[in-house]
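Listed below are the residues making up each chain.
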Amino acid sequence: MKVLVVGAGGREHALVWALKKSPRVTEIVCAPGNGGMAALARCVPVNQKDVNDLMRVVSEERPDLTIVGPELPLSVGMVDEMQRRGLKAFGPTQAAAMLETSKSFAKRFMQRHNIPTANYAVCTTEKEALESLHLFHLPVVVKADGLASGKGVLICETKTEAEQAIAGLFSGKLLGSVETQVVIEEFLTGDEISFLLLSDGKHVTPLVPAQDHKRIGEGDTGLNTGGMGVYSTDAMLEPEMREWIVNHIAQPTVNGMAAEDTPFVGVLYVGLMMTARGPMVLEYNTRFGDPETQAIMVRLESDLLDAFEACVEGRLKETEFRWKKGASACVIAASGGYPGSFLTGLPISGIAEAEQIPGVTVFHAGTALVDGTIVTNGGRVLAVTAAGDTLEAALKTAYEGIAKISFEGMYYRRDIGHRALKK
């Protein structure tokens with residue numbers, strides 16, 4: 001089979017890496033890909049925001065299956081257009097992707113289907129949002145309604161911080177684009193878990209759970225990012241709790257989407273807070289997480305292509321996943337200044353040396369290949385990933401790998417997995 005993978009990040013590199021293991025995959029094309037994917041697949045340019053350009057690549061390449069990695073192509077309706085043409089695509093339609101592309105839609109959907117989540121208010125003006133603040137205890141969470149690359153969630157400790165966040169979102173100063181709706185939520189405390197599932201529109205199959213580290217600074221301090229590192233272990237969720245989440249959150253979500261005539265096919269990423277009241281949904285994503293995918297894929301032993309095909313063809317119930325026991329860890333090497341402004345085009349050294357360490361896989365997130373040299377091309381540059389019998393072993397190997405890599409201004413957190421290690 002010829003497979004097209006749409007995307008340019010570490011998530012897509014990990015998917016390509018896993019798909020490459022399938023004996024049925026004869027060729028992989030990435031659009032647009034990055035410097036790391038170029039070693040595994042043929043990369044072709046594309047504008048991920050333009051459905052016509054995306055379909056141009058599909059028409060030229062004629063893949064047997066297309067896998068849509070990021071949220072942008074989903075939000076512009078790439079899967080809808082492929083379905084109209086009778087082509088196979090793994091990912092939700094534009095309407096189903098609203099679980100991610102609109103926080104207000106997601107919150108109202110959860111309320112309609114009795115899915116546990118934080119109390120909230122959806123506000124369409126700055127005045128309404130400021131008036132709604134008194135309904136919540138501090139700290140409070142202020143969220144952009146639309147896509148914001150992981151930077152649209154603001155935890156506000158004081159009323160002044162909340163007022164500034166609201167003003168910044170409605171004016172466009174905070175994210176560079178004006179929000180027409182803002183969601184205010186109660187602040188939940190507990191352990192955060194990334195719970196990813198595959199869905200064929202009717203059935204769901206959970207992947208191994210993971211825990212992301214969103215904050216830029218050690219000790220979970222500073223600004224939110226797209227994710228600075230992640231780990232996955234068998235001990236994160238007891239089998240009974242995993243089953244409860246499937247039965248009370250994941251399956252009702254898929255059932256609810258089907259009941260509203262927007263069947264959900266693809267990856268459902270449920271961001272959970274494990275509170276004293278039980279698991280609560282923080283957010284949905286409608287695609288693989290980044291960097292969760294990197295940690296999940298190095299634990300996957302079964303054929304990823306088979307699973308994707310089963311979802312598209314409505315026979316996920318027949319598919320079994322096999323996983324490596326133990327743990328995995330992923331540490332992000334970021335550009336200096338991220339999540340604010342940062343330089344690109346900086347040469348990277350040490351990737352080959354890192355990958356010589358047994359068990360280390362370096363996934364490229366924000367890189368480019370320029371005249372034969374791998375250079376930085378984003379905020380999150382590399383995802384150094386390893387699996388092990390224990391979390392301690394996986395972290396030790398991942399940190400040995402990242403220590404071999406360098407580029408000007410490189411930054412990484414040295415405390416990935418700290419919450420689990422304390423326990």
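Sequence order sets the numbering: in each chain, residues are counted from 1 along the sequence as written. This being a predicted model, a pLDDT of at least 70 is required before a residue's local features are given, and a value of 80 or more before pairs of side-chain atoms are given or counted; all residues contribute to the totals for chains, interfaces and linings. Excluding hydrogens and water, the side-chain values take into account all heavy atoms of the structure.

Trainee: Just checking my understanding: could you explain the sheet that holds strand β8 (residues 153-156) for this structure?
Mentor: Within a sheet, adjacent strands bond to each other through the backbone by hydrogen bonds, running parallel or antiparallel. Two strands make a pair as long as DSSP finds a minimum of two bridges between them. Numbering of helices and strands runs from the N terminus, with a helix taken as a DSSP run of H or I at least four residues long and a strand as a DSSP run of E at least two residues long. What the four strands build is an open sheet, ordered β6-β9-β7-β8; its pairing is antiparallel. The two strands at the open ends of the sheet, each matched to only one other strand, are β6 (120-123) and β8. The sheet shows a mean angle of 20° between the axes of neighbouring strands, taken without regard to direction. In this structure, strand β7 (residues 140-144) lies alongside β8, joined through four bridges in antiparallel fashion. Bridge assignment links Lys143 to a residue of β8, and that residue is Val153. In this description, a line fitted to the C-alpha atoms serves as the axis of each element, helices being fitted only across the stretch in contact, and the angle between N-to-C directions of two axes falls anywhere from 0 to 180 degrees.

Trainee: What exactly am I supposed to notice about the sheet that holds strand β17 (residues 278-285) here?
Mentor: Taken together, four strands build an open sheet; the order of strands is β11-β10-β16-β17 and the sheet is antiparallel. Pairing within the sheet leaves two strands with one partner each, and these edge strands are β11 (204-206) and β17. The mean inter-strand angle of the sheet, taken between neighbouring strand axes irrespective of direction, is 35°. Direction of pairing for strand β16 (residues 265-275) relative to β17: antiparallel, over a ladder of seven bridges. Note on β17: the bridge partner recorded for Val270 is Tyr284. Running over the sheet, helix α11 (residues 304-312) touches β10 (191-200) and β16 and is turned about 65° from β10. In what follows, residue pairs with any heavy atoms lying within 4.5 Å of each other are defined as contacts.

Trainee: It is not clear to me how the layout of surface pockets should be interpreted in this structure. Could you clarify?
Mentor: Over the atoms rolls a probe the size of a water molecule, and in doing so it shows where empty space is left. When its volume is computed, the second largest pocket comes out at roughly 400 Å³. Site definitions follow a grid-based scheme: protein atoms alone, a 1 Å grid, a 1.4 Å probe that fits but cannot get out for cavities, and for pockets an open set with protein on both sides within 12 Å along at least five of seven lines, plus lining residues having an atom within 4 Å of a point. What lines the second largest pocket is a set of 16 residues, and nearest its centre among them are Lys151, Val153, Leu154, Leu223 and Asn224. In terms of residue count, β8 provides more of the lining of the second largest pocket than any other element does, four residues in total. Grid points are joined across faces, edges and corners, and a volume is the space filled by probe spheres set on the points.

Trainee: I tried to follow the packing of aromatic side chains on my own but got confused; where do I start?
Mentor: What describes a pair of aromatic rings is the distance from one ring centre to the other and the angle between the planes of the rings. Pairs were defined over the aromatic rings of Phe, Tyr and Trp, the Trp ring being its six-membered one, requiring ring centres within 6.5 Å. Orientation was assigned from the angle between planes: stacked under 30 degrees, edge-to-face over 60, tilted for the rest. In the structure shown here, the tally under the stated rule is seven aromatic pairs. Here Phe90 and Phe308 contribute two aromatic rings whose centre-to-centre distance is 4.2 Å and whose plane-to-plane angle is 35°, an arrangement assigned as tilted. Of this pair, Phe90 sits in strand β5 (residues 89-90) while Phe308 sits in helix α11; the two residues are 218 residues apart in sequence, bridging distant segments of the chain. Here Tyr338 and Phe342 contribute two aromatic rings whose centre-to-centre distance is 6.4 Å and whose plane-to-plane angle is 65°, an arrangement assigned as edge-to-face. Owing to a relative accessible area of 9%, Tyr338 belongs among the buried residues under this scheme. Categorising residues by exposure relies on relative accessible area from a 1.4 Å probe, with only protein chains included: less than 20% of the type maximum marks a residue as buried, more than 50% marks it as exposed, and the intermediate range marks it as partly exposed.

Trainee: Teacher, can you tell me more about helix α13 (residues 391-402) here?
Mentor: The α-helix advances 3.6 residues per turn, and as a result positions three or four apart in sequence lie on the same side. Any helix carries an expected span of 1.5 Å times its number of residues minus one. Here α13 contains 12 residues, and its C-alpha end-to-end distance of 16 Å stays within 8% of the 16 Å for a straight helix at 1.5 Å per residue. Inspection of α13 places Leu391, Ala394, Leu395, Thr397, Ala398, Tyr399, Gly401 and Ile402 among the buried residues, and these make up the whole buried set. Tucked inside the fold, the buried residues of α13 contact β15 (229-233), β18 (327-334), α12 (351-355), β19 (360-364), β22 (380-388) and α14 (418-422).

Trainee: I would appreciate a short explanation of the packing of helix α1 (residues 10-19) against α11 in the present structure.
Mentor: Any two packed helices are characterised by the angle at which their axes cross and by the distance between the axes. Where α1 meets α11, the closest approach of the two axes is 8 Å, and the angle between their N-to-C directions is 105°. Relative to α11, the element α1 lies roughly perpendicular. Seen from α1, the contacting residues are Leu15, Ala18 and Leu19; seen from α11, they are Leu304, Leu305 and Phe308. A per-class count over the contact of α1 with α11 returns six nonpolar, no polar and no charged. Throughout this description, any angle smaller than 35 degrees is read as roughly parallel, any larger than 145 degrees as roughly antiparallel, any in the 65 to 115 degree range as roughly perpendicular, and the remainder as oblique. Under the scheme applied here, ten amino acids are nonpolar (Ala, Val, Leu, Ile, Met, Phe, Trp, Tyr, Cys and Pro), four are charged (Asp, Glu, Lys and Arg), and all others, including Gly, are polar.

Trainee: Would you take a moment to explain the pairing of strand β20 (residues 367-370) for this structure?
Mentor: Sheet analysis places β20 next to strand β21 (residues 373-376), joined by four bridges and oriented antiparallel. Bridge pairing in β21 links Ala368 to Val375. Connecting β20 to the antiparallel partner β21 that follows it, the hairpin turn spans two residues, and Asp371 within it adopts a positive phi of roughly 50°.

Trainee: Got a minute to help me understand the pattern of salt bridges in this structure?
Mentor: For this document, the term salt bridge refers to a Lys or Arg side-chain nitrogen within 4 Å of an Asp or Glu carboxyl oxygen. What the rule picks out here adds up to 29 salt bridges. With a closest N to O distance of 2.3 Å, Asp220 and Arg419 form a salt bridge. Separated by 199 residues along the polypeptide, Asp220 in the loop between β13 (215-217) and β14 (221-224) and Arg419 in helix α14 bring together distant segments of the chain. Arg315 serves as the salt-bridge partner of Glu313, at 2.8 Å between the closest nitrogen and oxygen. Residue Glu313 is classed as partly exposed on the basis of its relative accessible area, which comes to 37%. Residues joined by salt bridges that share partners form a network here, namely Arg24, Lys88, Asp306, Glu309, Glu313 and Arg315.

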